[in-house]
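# Summary of the model geometry
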Amino acid sequence: MPHSEPSPADQPEGAGFLSQFGKSEESTEWHSPAPAGYLRGKTKFVVVIGTVMSGLGKGIFASSLAKLIKDKGLSVSPIKMEGYLNIDSGTLNPYRHGEVFVLADGCETDMDLGTYERILGQELTRKNFITAGQVYTEVLERERRGGYLGRDVQMIPHVTGLVKMRLRELAMTGNNGNQVDVVFVEVGGTAGDYENGFYIEALRELAFEEGPESTCFVALTYILEPSILGEQKSKAAQLGIKRLMEAGIQPHIVACRAKNPVTEKVMEKIAMFSNVPLKRIFSMHDRESVYAIPEEMRAAGLDREILSILNLHDRTNPAKEDTARVAWLDFSRRIFATRRHQIELGISGKYAALRDAYASIDKAIEHCSVHLSCDVRVRWIDTSDLMDDAQAARALDGVQAVIVPGGFGQRGVEGKIRCAKWARVNKVPFLGICLGFQVAVIEFGRNVLGLAGANSTEFEPNCAHPMISELPDQKKLEGIMGGTMRLGTQQVLLEPGSLASFLYGGKLEMRERFRHRYEVEPSYIEQLHEAGLRFSGRHPKFPIMQLLELPQSMHPYFVGGQFHPELTSRPLAPNPMFMGLVAAAIASREPEFAATELGRRWVRGAAKPVAAH
Ligand code: GLN
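So, here's what we can say about the structure.

About the thresholds
Residues numbered from 1 in each chain as written. Predicted model: local features only at pLDDT ≥ 70, side-chain atom pairs only at ≥ 80, totals over all residues. Heavy atoms only, no water. Helix = DSSP H or I, 4+ residues; strand = E, 2+ residues; numbered from the N terminus. Buried < 20%, exposed > 50% of the residue type's maximum accessible area, 1.4 Å probe, protein only. Contact = heavy atoms within 4.5 Å. Areas by Shrake-Rupley, 256 points an atom, 1.4 Å probe, with all protein chains shown as cover. Lys, Arg positive; Asp, Glu negative; His and termini not counted. Charge placed at Lys NZ, Arg CZ, Asp CG, Glu CD. Phe/Tyr/Trp six-rings, centres within 6.5 Å; stacked < 30°, edge-to-face > 60°. Lys NZ or Arg CZ within 6 Å of the ring centre and 35° of its normal. Pairing = 2+ DSSP bridges. Axes fitted to C-alpha atoms, helices over the stretch in contact; angles between N-to-C directions. Parallel < 35°, antiparallel > 145°, perpendicular 65-115°, else oblique. Nonpolar A, V, L, I, M, F, W, Y, C, P; charged D, E, K, R; others polar. Patch = residues over 30% accessible without salt bridge, like charges linked within 9 Å, V, L, I, M, F, W, Y side chains within 5 Å. Salt bridge = Lys/Arg side-chain N within 4 Å of Asp/Glu carboxyl O. Disulfide = S-S within 2.5 Å.

A few words on the overall build of the chain. From N to C terminus, the chain includes 22 helices and 21 strands. Taken along its principal axes, the extent of the C-alpha atoms in the chain is 75 × 65 × 50 Å. Split into buried and exposed, the 613 residues of the chain put 57% on the buried side. In the chain, the proportion of contacts linking residues at least 24 apart, taken out of those at least 6 apart, comes to 71%. Put simply, the chain shows about 25300 Å² of open surface, and 52% of that area lies on carbon and sulfur atoms. A distance of 3 Å separates the average location of the 71 positive side-chain charges in the chain from that of its 74 negative side-chain charges.

The following block contains the structure:
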């Protein structure tokens, strides 16, 4: 043996689990690890697998379903299984894959995790995200430690065993050490893909091991409606579902994505070819809004079928469901209500052609637009094209608010600096996010402090004024390794009486999520302060500037966060930085808005004069 004594982590896990079958790890061909204390049958699994094609909105489907079940008083936890070999989404190009979503614990994930957090209103962790890269790495590292007790290490049972282990570990993350009632599994890609085959096999094994009524397989499929035929065709869906059945998985439910409501004839065909009763075939045709989906699912009875398949009716709490439903319905109805106000907002970014790259910003704006009854028209501006101030002014002409979002790399940065300048000089409400925050500092340094050559060392390592810099010594204090980013939730202390504190409801501290490598160079802080740019949000211990603002005497709403406020915005709890931006934009067009109840809450300076009346 290459090692002396196995560490606890190397012990054959789940002896307890196998003992439920009267087996031990050494005496069986099964490799079915489970964490200590895991109770089989306590946690149920709903598995959503796509067929026919990707891009069907599996994440929205699975999260809406999870929400419906959660609203009934059950605890839920979703997991997204990615087939790619990356360890996480940190190095993925947002132009190809959509934005990188950062969780509170710093895990960089697929943008679908954002959908889950928003729809479920629940914070997720790295346990809710798994990639093929993570699975293989863990198996190979364990093999090197001698953790497989001399056996040859195989896709089945060892790789699949690890997947089952991860699912059971996730099941253990309920409140107070309780097991979660339902784990929702979303398998990336579609049935038949080469790279997700081991996940599908692991889930087949899981269903077998967990026993009857433990696992509900949902095949999400697509019904074609070729325009030349003018009718729906089920063949692609049939073939897709067959792929799943070839892998040994009999779906319990078939959900049919389609442009139009799926006809009875097509549903009958699918039922007939898939052995799924007609009442468990559902039409999930396009809706006007994703927020309507949970209620549509409920109306169609999808939730009841899941509860029956998993024998969960006894765990529901109808009173809780009513409250949660009313709050969500109120929001989803207001999406379509006529809006009282209207503004246009410019987003000065690099991936302006691809909305997915800024998905959470788009959603955060949507949340505010509902809460403030404001029709927010978004103008996407590609800052790579803005070669001088006049071009920036033309691109932004007519907008009432500007967002400069986060980003990496030099392209488009000068254009972003010009947009920040335009917003500052013209007193147009401005929100800088991460790179946008850094850009606001550079702009102020160059144009107000007169520091020619002010820049970030990310773009110009030897610039005359490195106002934004990597600061390795500072990072060391925080325990961040060289070259890596500050990731995840951090505490932010807010200055009393500041705009920031006003936005966060008078609080003097809050928490937001970060993803950046560079920060404000502390030696410039004093000069900036004297000239008006205040860092009203700081790290509790180190001189890390986390939030900036201009005083009311200089600008109605000029704020920036080194963090990403869009990541924590939820439909029922919009992020304050965005609420303040949109409210300030409304007030710039309609001064009387400041005197309304919403205006008093969200427009700075509105509170006092109005209260005096
Ligand atoms: N590129 C900048 C940094 O690394 C900003 C990062 C971001 O906007 N997410 O600090």
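In this section: the packing of aromatic side chains. Using the criterion set out here, one finds nine aromatic pairs in the structure. Measuring from centroid to centroid gives 5.4 Å for tyrosine 136 and phenylalanine 198, while their planes differ by 35°, and the two rings are tilted. With tyrosine 136 in helix α5 (residues 132–144) and phenylalanine 198 in helix α7 (residues 197–210), this pair connects stretches of sequence that are 62 residues apart. Classification of phenylalanine 198 as buried rests on a relative accessible area of 6%. Connected via pairs of aromatic rings, a cluster forms that spans Tyr136, Phe198 and Tyr199. Of note, arginine 486 hangs over the ring of phenylalanine 514, and the distance from its end group to the ring centre comes to 4.9 Å.

One open sheet holds the nine strands; their spatial order is β11-β10-β12-β13-β21-β20-β19-β16-β17, and the pairing between them is mixed. For this open sheet the edge positions go to β11 (374–382) and β17 (509–516), each flanked by a neighbour on one side alone. For this sheet, the mean angle separating the axes of adjacent strands, direction not counted, is 30°. With nine bridges joining them, strand β10 (residues 341–349) and β11 adopt parallel strand pairing. Paired with glutamate 344 across the bridge in β11 is arginine 377.

In contact at an axis separation of 10 Å, helix α10 (residues 293–300) and helix α12 (residues 318–334) are set at 130° when each is read in the N-to-C sense. In terms of orientation, α10 and α12 fall into the oblique class. Together, Pro294, Glu295 and Arg298 of α10 and Glu321, Arg325, Trp328 and Leu329 of α12 make up the contact between the two elements. Looking at side-chain class alone, the contact of α10 with α12 contains three nonpolar, no polar and four charged residues.

Before going further, it helps to examine the environment of proline 429. Along the chain, proline 429 turns up in the loop between α15 (413–425) and β13 (430–433). For proline 429 and methionine 81, which are 348 residues apart along the polypeptide, the C-alpha to C-alpha distance reads 40 Å. For proline 429, the residues in contact, after removing those within four places along its chain, are Gln400, Ala401, Val402, His555, Tyr557, Leu581, Ala584 and Ala585.

The seven strands are arranged β5-β2-β6-β1-β7-β8-β9 in an open sheet whose pairing can be described as parallel. Lying at the two open borders of the sheet, with one neighbouring strand each, are β5 (129–131) and β9 (281–285). Going across the sheet, the axis of each strand differs from the next one's by a mean of 20°, ignoring polarity. The pairing of strand β8 (residues 253–258) with β9 spans five bridges and is classified as parallel. The residue bridging alanine 255 from the neighbouring strand is phenylalanine 282, located in β9. Across the face of the sheet, helix α6 (residues 155–171) comes into contact with β1 (44–50), β2 (76–82), β5 and β6 (182–190) while running at roughly 155° to β2. Sheet strands touched by helix α8 (residues 235–246): β1, β7 (215–222) and β8. Its angle to β7, the strand with the most contacts, is close to 150°.

A separate point is a positive patch on the surface. On the surface, a cluster of positive charge is made up of Lys233, Lys235, Lys242 and Lys269. Following the sequence through the fold, lysine 269 ends up in helix α9 (residues 264–274).

Residues in a regular strand project their side chains so that they alternate between the two faces of the sheet. Counting buried positions along β17 yields six of eight residues, so the element is predominantly enclosed. Taken together, the eight bridges between strand β16 (residues 486–494) and β17 define a ladder with antiparallel strand orientation. In the sheet register, glutamine 491 faces β17, and the bridge partner there is arginine 511.

This part covers the state of the cysteines. Counting across every chain of the model gives zero disulfides. Residue cysteine 256 stays outside any disulfide, its sulfur separated by 14 Å from that of cysteine 216, the closest cysteine. For cysteine 256, a relative accessible area of 0% gives the class buried. For cysteine 463, which is in no disulfide, the shortest distance to another cysteine sulfur is to cysteine 434 and amounts to 18 Å.

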